[in-house]
Amino acid sequence: MTDSNVSADQPSEFVSLTAGGQGFCVDIHAIREIRSWTPVTTLPFAEPSVLGVMNLRGAVIPIIDLKDRLGLGATSEDHRNVIVIVNLSGRTLGLLVEAVSEIISVPADGILPNPTSATEGNPAQIIGLISRDNQMLRVLDLTGLAMAETEDAA
Amino acid sequence: MSMDALKATFFAECEELVEAMTEGLQQIGDDDWGSETVNAIFRAVHSIKGSAGAFGFETLVAFAHRYETVLDKIRSNTLGIDADVLRVITRASDVLAELVELAQVEPDAKPAAYDPVMTDLNGYIETAAEPEPEEDLFAPVAFAALPLGLDEPEDVRIEFAPDASFYRNGHEPERIFTALGPDVSAVCDADTVPLLSDFNVDTGYLVWSLEIKGKTESEVAEAFEYAKGLGRIDYLSDDAPAPVGPVSEIAVEVPAPPSTQAKPAKARPASAQTLRIDPERVDRLINTVGELIINQAVIAQKIEGDGTPVDPEVASALDDYRYLAREIQEAVMSIRAQPVKSLFQRMARVVREAGEATGKAVSFETRGEATEIDKTLIERLADPLTHMLRNAVDHGLESPEDRAATDKHATGTVTLSAAHRSGHVMIEVSDDGAGLDRARILKKAIANGLVAEDTNLSDTEIDNLLFAPGFSTADQVTNLSGRGVGMDVVKTSITSIGGRVTITSEQGRGSTFTILLPLTLAVLDGIVVSVADETMVVPIATIIETIRASSDDVIELSPDNWVLKVRGAYVPIIDLAPLLGFRTERNAAGPFILVEAETGAVYAFAVDEIWDQRQIVIKSLEGNYGAIPGISAATILGDGQIALIVDPEALIALAGPTAMTSHKQKVGA
């Protein structure tokens, strides 16, 4: 489901989104759907970025505040916030973001490696950078996000 | 079908065959049997052998063959059934069942009892003074094609006389015969071919007698599909269908094949017809039906929720919907339900082995074998029950000498029973042994550092020490029950399927371990409550009662230690909202839910509001998230919101030492 499946010469498709006022993008294959915000059920003993769980057609899925998870503080309440439902190696979770903008197609060589890898705060979560229309999009490593999730829960 | 899928079918079939075999043996043991009983056992063993051969399970085949030979002697009355024979064939079926189990992991492993039982079986074969059994009589069948589906393969004998149109259409008999598989013998009768002078090129003269092994008639008919109407096909088996195609004018006398291979009577084993379904499909169905129930509740709430009068027709249609949804749910659940009989039969083997290993004479009694519970539960009960039964024989029952000294019958009795009790399944393992030696248990617990030396414990608390992790230690390891697994593992595995274990024991009269299980893993009865702003569910199984107490009954012993006065007894209060981190201030007003912990201690859970009791569909949190302390799972309420299901035991543990030090309270009802 990740872009590693796609051969190098084919462009990868990403969905760009905004969290904490900054631009991110996520491999389109991982995204299942995008929903508007609905109240969640709080989970005890969860870390602050885990907002709770919501009902997605009968499945219980955790909702994570992406901004908070990336260490940028909690997302403020806004009716325009959306939840991006992602599928990661058999698990489904929702990411609370401020906005989802568009689908972008990027050739393999258009993704630059994250130069700060392993030195900054959350190195594993940003695996690349895409420069686009004078804006820089950070490519999110969802698996890394989900791994952190598992560790919290355990 | 892949090889793995075929193997899975084989093992599923073996399970049924082993069941049929065990059932037959039981009838013999109960002295309620006839030749059909022995036939049934024989058939079961024979079928296992046949299919096992197809997979090359040689150890299994070799053993089944020996066993079958002995059974054949019984069947043909050359060997009578006495106590010894019964013992040997019972043990042989145990070994066979074990071999089948082993074959799933380690095809050529032999269980410990393999060699002695094999020797015993050989003993009967030799004492009956006959040479090596007629191997070839059964061997071909042993490698028959794997039985698939509901049609039991048979040996099919047919006579095939194609007429000229068959050849004219370009068909070749050999093609058809090859398509029937490797186990076909074809004999061509060329006697009807006339002399060349009388030969008519437009006539088909040849007649084949075919014997096809391990195929059903329908499979054979399929192979002959193209020959339909192009000749004569006669089925020579007893219950042959009408010949296919017109009877040609060349009627030929064909000698009937020798009838020495007549199969045992056609009657199938008495066990109920079953349909094999991949459990995942059923699970998917159960899940979807769960959604349907929730969806029904959502609709009901949307229609009735806003307080406006509801159109009576809508209301009645809604009622029908609710009724139908429940009906479907029950029906689907019952697909998963299975009688505990097969499990109990397996346990009989465990007890027999345990009796042999310890040198104790044990009579094993079962009750309520027809009790139905969820298949998953049955599977997950096997290990804990095995352990408990071994314990009952090894530690529960006294040695024969000790029993004699106490005027007990030399044969100890271990009873395994199952029953439905108010929405639960109760499974009991009891022995008529000496009962728990509480002084020794306490001493051991103190020695292992589980309790302080000066602790004053009630009998129940002492009994429950058996379940404490670290209680079962190396010095009590016998090669039977002490396999490094303690009763704590038993308890953990029972708890993990939503059950509880309790012990009752009477000095000199024996002990009883009671397992209380939910009927299924998918639904649960619970009380819906509010904790802070959250809606939560408390499983009803542990709840004694709900109480609205006056403020006089809530007493503060220390800032962290509050008790509730219930009919003269003091019960520690566990305030859920602060405990779960939803709120900091205390809720001293209740209402309260009294729950009984496994230790027998009673606690009062303080909540903000108690709504109602209902059946809820359990949704796992662990699939997408992970385990949460104090929470066992989640459910979806009528309004589509998720409510967490609390785990009372875990909450009590979470509440920490303050609550844990409380002593057992007697709360008069």
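Residues numbered from 1 in each chain as written. Chains lettered and ligands numbered in written order. Predicted model: local features only at pLDDT ≥ 70, side-chain atom pairs only at ≥ 80, totals over all residues. Heavy atoms only, no water.

Visitor: What exactly am I supposed to notice about the overall build of chain A here?
Guide: In terms of regular secondary structure, chain A is built from two helices and eleven strands. Along the chain direction, N to C, the helices and strands of chain A fall in the order β-β-β-β-β-α-β-β-β-β-β-β-α. Going through the 154 residues of chain A one by one, you find that 45% of them count as buried. Here the analysis covers contacts within chain A between residues at least 6 apart in sequence; of these, 54% occur between residues at least 24 apart. (Helix = DSSP H or I, 4+ residues; strand = E, 2+ residues; numbered from the N terminus. Buried < 20%, exposed > 50% of the residue type's maximum accessible area, 1.4 Å probe, protein only. Contact = heavy atoms within 4.5 Å.)

Visitor: Help me understand the side chain of Ser93(B), please; the structure alone is not making it clear to me.
Guide: Residue and element names in this part refer to chain B. Mapped onto the secondary structure, Ser93 falls in helix α4 (residues 83-105). A relative accessible area of 4% places Ser93 in the buried class. Engagement of the side chain of Ser93 in a polar contact is seen with the backbone oxygen of Thr90, the distance being 2.8 Å. (Polar contact = N/O pair within 3.5 Å; in protein donor to acceptor, adjacent residues only side chain to side chain.)

Visitor: I would appreciate a short explanation of the pattern of salt bridges in the present structure.
Guide: A side chain with one charge may pair with a side chain of the opposite charge, provided their charged atoms come close. Residues and elements named next belong to chain B. Counted under the stated rule, the structure contains 19 salt bridges over all chains. One salt bridge in this structure joins Arg403 and Glu398, with 2.9 Å as the shortest N-O distance. Take Arg403 and Glu398: they sit in the same class, and that class is buried. A salt bridge links Arg567 to Glu545; the nearest nitrogen and oxygen atoms lie 2.6 Å apart. (Salt bridge = Lys/Arg side-chain N within 4 Å of Asp/Glu carboxyl O.)

Visitor: Would you explain the packing of helix α2 (residues 35-54) of chain B against helix α3 (residues 58-75) of chain B in this entry?
Guide: The description of two packed helices rests on the angle between their axes and on the distance between the axes. Residue and element names in this part refer to chain B. It is the contact of α2 with α3, at a shortest axis distance of 9 Å, that shows an interaxial angle of 155°. As the angle between them shows, α2 and α3 are arranged roughly antiparallel. Between α2 and α3 lies a crossing of left-handed hand. Here α2 contributes Val38, Asn39, Ile41, Phe42, Val45, His46, Ile48, Lys49, Ala52 and Gly53 to the contact with α3, which in turn contributes Leu60, Val61, Ala64, His65, Tyr67, Glu68, Leu71, Asp72, Ile74 and Arg75. The class makeup of the residues in the contact of α2 with α3 is twelve nonpolar, four polar and four charged. (Axes fitted to C-alpha atoms, helices over the stretch in contact; angles between N-to-C directions. Parallel < 35°, antiparallel > 145°, perpendicular 65-115°, else oblique. Left-handed = near helix turned anticlockwise from the far one by under 90°. Nonpolar A, V, L, I, M, F, W, Y, C, P; charged D, E, K, R; others polar.)

Visitor: Whenever I open this one, the interface of chain B and chain A confuses me. Can you help?
Guide: When the parts of a complex come together, some accessible area is lost, and that lost area is often taken as the interface size. With 23 residues of chain B in contact, the opposing surface of chain A contributes 23 residues. When chain B packs against chain A, the two sides together hide about 1,900 Å² of surface, and 59% of this comes from carbon and sulfur. Of all residues in chain B, Asn624(B), Tyr625(B) and Ile642(B) bury the most surface against chain A, accounting for 41% of the area lost on that side. Inspection of the chain B/chain A interface yields zero salt bridges. Here chain B and chain A share three residue pairs in polar contact (both at pLDDT 80 or more) between them. At the level of secondary structure, the elements contributing two or more residues to the side of chain B that touches chain A comprise β21 (631-636) and β22 (642-646) of chain B. It is β21(B) that provides the largest number of residues to the side of chain B that touches chain A, a total of three residues. Among the residues making up the side of chain B that touches chain A, the classes are represented as 14 nonpolar, six polar and three charged. (Buried area = accessible area lost by both parts, 1.4 Å probe.)

Visitor: I would appreciate a short explanation of the sheet that holds strand β2 (residues 22-27) of chain A in the present structure.
Guide: By way of backbone hydrogen bonds, the strands of a sheet pair with one another, either parallel or antiparallel. Residues and elements named next belong to chain A. With mixed pairing, six strands are arranged side by side in an open sheet as β8-β1-β2-β11-β10-β9. Looking at which strands have only one partner, the edges of the open sheet turn out to be β8 (99-106) and β9 (111-113). The sheet shows a mean angle of 35° between the axes of neighbouring strands, taken without regard to direction. Relative to β2, strand β1 (residues 12-19) runs antiparallel, the two sharing six bridges. Looking across to β2, one finds that Thr18 is bridged to Gly23. (Pairing = 2+ DSSP bridges.)

Visitor: Sorry, what's going on with the UniProt feature "modified residue: Phosphohistidine" (unreviewed entry) in chain B here?
Guide: Residues and elements named next belong to chain B. The feature "modified residue: Phosphohistidine" (unreviewed entry), as annotated in UniProt, sits at His46 in this numbering. By the element assignment, His46 lies in helix α2. You can call His46 buried: its relative accessible area is 13%. (UniProt positions renumbered as here; feature names shortened; annotations may be inferred.)

Visitor: Looking at this structure, how should I read the sheet that holds strand β15 (residues 554-558) of chain B?
Guide: Residues and elements named next belong to chain B. The strand order β14-β18-β19-β17-β16-β15 describes an open sheet built from six strands, whose pairing is mixed. In this open sheet, the two edge strands, each paired with only one partner strand, are β14 (543-547) and β15. For this sheet, the mean angle separating the axes of adjacent strands, direction not counted, is 35°. Across four bridges, the pairing between β15 and strand β16 (residues 561-566) is antiparallel. Bridge pairing in β16 places Glu556 opposite Trp562.

Visitor: Quick question: what am I supposed to make of α2(B) here?
Guide: Side chains that are three or four residues apart share a direction in an α-helix, a result of its 3.6 residues per turn. Residues and elements named next belong to chain B. For α2, with 20 residues, the first-to-last C-alpha span of 29 Å sits near the 28 Å given by 1.5 Å per residue. In terms of burial, α2 is largely enclosed, as 16 of its 20 residues are buried. Phi turns positive one or two residues past the end of α2, at Gly56, with a value near 70°. (Expected span 1.5 Å × (residues − 1).)

Visitor: Hey, could you run me through the nonpolar core in this one?
Guide: The nonpolar side chains of a soluble globular protein tend to be buried, and buried together. The biggest cluster of nonpolar side chains holds 61 residues, and the ones touching the most others in it are Leu66(A), Val529(B), Met536(B), Ile593(B) and Phe605(B). Per element, the largest residue contribution to this core is four residues, and it comes from strand β6 (residues 82-88) of chain A. With near-sequence residues (within four places) excluded, Val529(B) lies in contact with Glu534(B), Thr535(B), Met536(B), Val538(B), Ile593(B), Val607(B), Glu609(B), Ile610(B) and Trp611(B). (Core = buried A, V, L, I, M, F, W, Y, C linked by side-chain atoms within 4.5 Å.)

Visitor: Please clarify how the packing of aromatic side chains should be interpreted in this entry.
Guide: For any pair of aromatic rings, the description rests on two quantities: the centre-to-centre distance and the angle between the ring planes. Applying the stated rule across the entire model yields four aromatic pairs over all chains. When the centroid spacing of 6.5 Å and the interplanar angle of 50° are considered together, the rings of Phe63(B) and Tyr67(B) count as tilted. Of the two residues, Phe63(B) and Tyr67(B) both sit in helix α3, four residues apart, roughly one turn of that helix. Among the aromatic side chains, those forming a connected cluster through ring pairs are Phe63(B), Tyr67(B) and Tyr114(B). Against the face of Phe24(A) rests Arg138(A), its NZ or CZ located 5.4 Å from the ring centre. (Phe/Tyr/Trp six-rings, centres within 6.5 Å; stacked < 30°, edge-to-face > 60°. Lys NZ or Arg CZ within 6 Å of the ring centre and 35° of its normal.)

Visitor: What am I meant to see in the pairing of strand β10 (residues 500-506) of chain B here?
Guide: Sheet faces and side chains relate simply in a regular strand, where the side chains alternate between the two faces. All names here are of chain B. Relative to strand β11 (residues 510-518), β10 runs antiparallel, the two being bridged by seven bridges. Bridge pairing in β11 places Ile503 opposite Phe513. Counted between consecutive antiparallel strands, the loop separating β10 from β11 contains three residues, among which Gly508 sits at a positive phi close to 80°.

Visitor: Whenever I open this one, the packing of α3(B) against α4(B) confuses me. Can you help?
Guide: Residues and elements named next belong to chain B. In contact at an axis separation of 10 Å, α3 and α4 are set at 155° when each is read in the N-to-C sense. It follows that α3 is roughly antiparallel to α4 by the angle criterion. When the axes of α3 and α4 are compared, the crossing they make is left-handed. The segment α3 lies against α4, with Thr59, Leu60, Phe63, Ala64, Tyr67, Val70 and Ile74 engaging Val85, Ile89, Ala92, Ser93, Val95, Leu96, Leu99, Val100 and Ala103. For the contact of α3 with α4, a count of residues per class yields 14 nonpolar, two polar and no charged.

Visitor: Help me out: how do you make sense of the environment of Tyr235(B) in this one?
Guide: Residue position: Tyr235(B) is located in strand β4 (residues 231-235). Through-space distance from the C-alpha of Tyr235(B) to that of Leu210(B) is 9.7 Å; in sequence the pair is 25 residues apart.

Visitor: Would you mind going over unusual backbone geometry with me for this structure?
Guide: Among all residues save glycine, negative phi is the norm, and among peptide bonds the norm is trans. Positive phi values are uncommon outside glycine, yet Phe45(A) reaches one of about 60°. Relative to the assigned elements, Phe45(A) resides in the loop between β3 (31-36) and β4 (50-56). Positioned with a positive phi, Ala532(B) is a non-glycine residue whose angle comes to about 50°. Topologically, Ala532(B) is positioned in the loop between β12 (523-531) and β13 (534-539). By relative accessible area, Ala532(B) is classed as buried at 19%.

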